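Notes for the structure review
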2 protein chains.
Amino acid sequence: MKVKSNIWIEKDGKVVLSLWRVRLLEAVEKTGSISAAASQMNVSYRRAWEKIQECETRLGIKLVDTQTGGSGGGGSHLTPEAYAYIERFRKFIAGLDELVSERFEKYFLDEDDT
Amino acid sequence: MKVKSNIWIEKDGKVVLSLWRVRLLEAVEKTGSISAAASQMNVSYRRAWEKIQECETRLGIKLVDTQTGGSGGGGSHLTPEAYAYIERFRKFIAGLDELVSERFEKYFLDEDDT
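No experiment lies behind these values; they were computed from the predicted model shown.

1. Some thoughts on the overall build of chain A
Secondary structure summary: chain A contains five helices and four strands in total. Taken over C-alpha atoms, the radius of gyration comes to 17 Å for chain A, far larger than the 13 Å a tight globule of 114 residues would show. The C-alpha extent of chain A, read off along each of the three principal axes, is 65 × 30 × 20 Å. Here chain A holds 114 residues, and the buried ones make up 41% of them. On chain A, roughly 6500 Å² of surface is accessible, and the fraction owed to carbon and sulfur atoms is 47%.

Here's what the structure looks like:
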């Protein structure tokens, strides 16, 4: 048996940040493009773009900065505000997974034969 | 902003226990019937019955004992094994919600104006 958990942040009853969305934003930064990030996350460009738009609208801040064309060929990067949110979220969830696993082992695996 | 979380247990990649399923089982015990429990959980009898069956099959143990007819009019009750699982699950998740909320406040609400 394995324990699974999910954690996310809502504003007015709507998701504004989740581990998945944070990973998507990190992929945008790493690849420099929303379409490459979408492909890395196994979703369509449209879905990735919509999720980013959703977060931006709900948080009320710009998360991804996209330049089109130019000598560098354009590309997408995270805004400083996005960095700040990602860092907060990562700190927030750090250690929680381990704690959940530890408790799970204590209550479910110690006396269990699976 | 509010933090939300979900936690569940899988076996061979399939859910065997979750807070929702534990609540359903507790409702069966409280009401003495699967249909009353289903109604309390806002799902159809069929869905409640299926979820219980799923848990029983996946865990490999009987969770709900149903008597039909008889002088008491029948009814459903939890087996001792179901009680044991519920107790473990409740102990396992006890305190986790509070911890998540505390961490959330620390990382998101302290510096935030929402």
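So, next bit.
2. Focus: the interface of chain B and chain A
Across the contact, 30 residues belong to chain B and 30 residues belong to chain A. Where chain B abuts chain A, roughly 2800 Å² becomes buried across the two surfaces, and 67% of that area is made up of carbon and sulfur atoms. The interface formed by chain B and chain A holds zero salt bridges in total. Put simply, chain B and chain A have 13 residue pairs in polar contact (both at pLDDT 80 or more) between them. When contributions to the side of chain B that touches chain A are tallied by element, the ones reaching two or more residues are strand 1 (2-11), strand 2 (14-18), helix 4 (80-93) and helix 5 (96-109) of chain B. With ten residues, the top contributor of residues to the side of chain B that touches chain A is strand 1 of chain B. The residue makeup of the side of chain B that touches chain A, split by class, is 18 nonpolar, three polar and nine charged. In the sheet, strand 1 (residues 2-11) of chain A pairs with strand 1 of chain B via nine bridges, with the strands oriented antiparallel.

3. Considerations on the packing of aromatic side chains
By the definition in use, this model includes twelve aromatic pairs over all chains. Here A:Phe92 and B:Phe108 contribute two aromatic rings whose centre-to-centre distance is 5.9 Å and whose plane-to-plane angle is 85 degrees, an arrangement assigned as edge-to-face. Separated into two different chains, A:Phe92 in helix 4 (residues 80-93) and B:Phe108 in helix 5 make up a pair that spans both. Aromatic rings pair up to connect A:Tyr85, A:Phe89, A:Phe92, B:Phe104 and B:Phe108 into one cluster. Here A:Arg88 stacks its cationic end above the ring of A:Tyr85, 5.5 Å away from the centre of that ring.

4. Points about the side chain of B:Ser33
Residues and elements named next belong to chain B. Mapped onto the elements of the fold, Ser33 is located in the loop between helix 1 (19-31) and helix 2 (34-40). At 3.5 Å, the side chain of Ser33 forms a polar contact with the backbone nitrogen of Ser35. Polar side-chain contacts of Ser33 include one of 2.9 Å to the backbone nitrogen of Ala36. When residues no more than four places from it in sequence are discounted, the contact partners of Ser33 are Val28 and Ser76.

What counts, and where the lines are drawn
Residues numbered from 1 in each chain as written. Chains lettered and ligands numbered in written order. Predicted model: local features only at pLDDT ≥ 70, side-chain atom pairs only at ≥ 80, totals over all residues. Heavy atoms only, no water. Helix = DSSP H or I, 4+ residues; strand = E, 2+ residues; numbered from the N terminus. Rg over C-alpha atoms; globule rule 2.2 N^0.38 Å. Buried < 20%, exposed > 50% of the residue type's maximum accessible area, 1.4 Å probe, protein only. Areas by Shrake-Rupley, 256 points an atom, 1.4 Å probe, with all protein chains shown as cover. Contact = heavy atoms within 4.5 Å. Buried area = accessible area lost by both parts, 1.4 Å probe. Salt bridge = Lys/Arg side-chain N within 4 Å of Asp/Glu carboxyl O. Polar contact = N/O pair within 3.5 Å; in protein donor to acceptor, adjacent residues only side chain to side chain. Nonpolar A, V, L, I, M, F, W, Y, C, P; charged D, E, K, R; others polar. Pairing = 2+ DSSP bridges. Phe/Tyr/Trp six-rings, centres within 6.5 Å; stacked < 30°, edge-to-face > 60°. Lys NZ or Arg CZ within 6 Å of the ring centre and 35° of its normal.

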